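# Structural description and commentary
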Amino acid sequence: INSNGNSSLFQVYSQLQFTFNEKWKSNVGVHYSSFRLNNSTSFEPRLNINYSLNDQSDLSLSYGLHSQILPLPVYFVTQDDESNGVNNKNLELNKAHHIVLSHQYKFNNYTRIKTEVYHQRLFNVPVGLNENENYSIINQQFQYPRFALINEGKGRNTGIETTIERFMQNNLYYIFTTSISDSKYK
């Protein structure tokens, strides 16, 4: 592969926090992305509501629309047959709806356990055409596709993750995380 190019990604984020009372608070935000290579843009709402069960425990529900650019070589690599000039510069941003339900328990001011149950619904995922129709960028591992892609793929991720974390205290910190997930794509 011998290709070159450049681009930029512009992002802006704004957030407001509302405290309704001692138990309830919420964050509302918006994120905007603009990928200059092909002028793809994304306007993404974010919302979180948090309920304090007691001084040590919180329950939270969050939603967000998130977008992502592909690795840059995907946009610049051309098809094996260079004569037709097929490339993937016009691919739009990958997008996903994220929903997360989390519980946090604080053992003390520097140690906590947090459990999150999540679901992500992916769309606008680049996939192959015709003889490459079984290809999805979700499965990319070592090589970049040298064929045309379109933003018609979908996927989903569902799982649970638990983290035990100690923040720096007496020169000691640690973090242990475990997760179980299920991922599918189409």
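The preceding data block contains the structure.
These notes cover the structure that comes with them. Small disclaimer: the values here were computed from a predicted structure and weren't measured.

### Overview of the sheet that holds strand 5 (residues 94–108)
One open sheet holds the eight strands; their spatial order is 1-2-3-4-5-6-7-8, and the pairing between them is antiparallel. Looking along the sheet, the strands with just one partner apiece sit at the ends: strand 1 (9–19) and strand 8 (172–185). Averaged over all pairs of adjacent strands, the angle between strand axes in this sheet comes to 15°, irrespective of strand direction. In terms of strand pairing, strand 5 meets strand 6 (residues 111–128) through 13 bridges, oriented antiparallel. Looking at strand 6, one finds that Lys-95 is bridged to Phe-123.

### Points about the pattern of salt bridges
Counting across every chain of the model gives five salt bridges. Measuring nitrogen to oxygen at the nearest pair gives 2.9 Å for the salt bridge that ties Asp-182 to Arg-156. Remark: Arg-156 occurs in strand 7 (residues 149–169) and Asp-182 occurs in strand 8; sequence separation between them is 26 residues. What makes Asp-182 partly exposed here is its relative accessible area of 32%. A residue is classified by how much of its surface remains accessible, and Arg-156, at 22% relative accessible area, is partly exposed. Taken together, the salt bridges that share partners define one network made up of Arg-156, Asp-182 and Lys-184.

About the thresholds
- Residues numbered from 1 in each chain as written.
- Predicted model: local features only at pLDDT ≥ 70, side-chain atom pairs only at ≥ 80, totals over all residues.
- Heavy atoms only, no water.
- Pairing = 2+ DSSP bridges.
- Helix = DSSP H or I, 4+ residues; strand = E, 2+ residues; numbered from the N terminus.
- Axes fitted to C-alpha atoms, helices over the stretch in contact; angles between N-to-C directions.
- Salt bridge = Lys/Arg side-chain N within 4 Å of Asp/Glu carboxyl O.
- Buried < 20%, exposed > 50% of the residue type's maximum accessible area, 1.4 Å probe, protein only.

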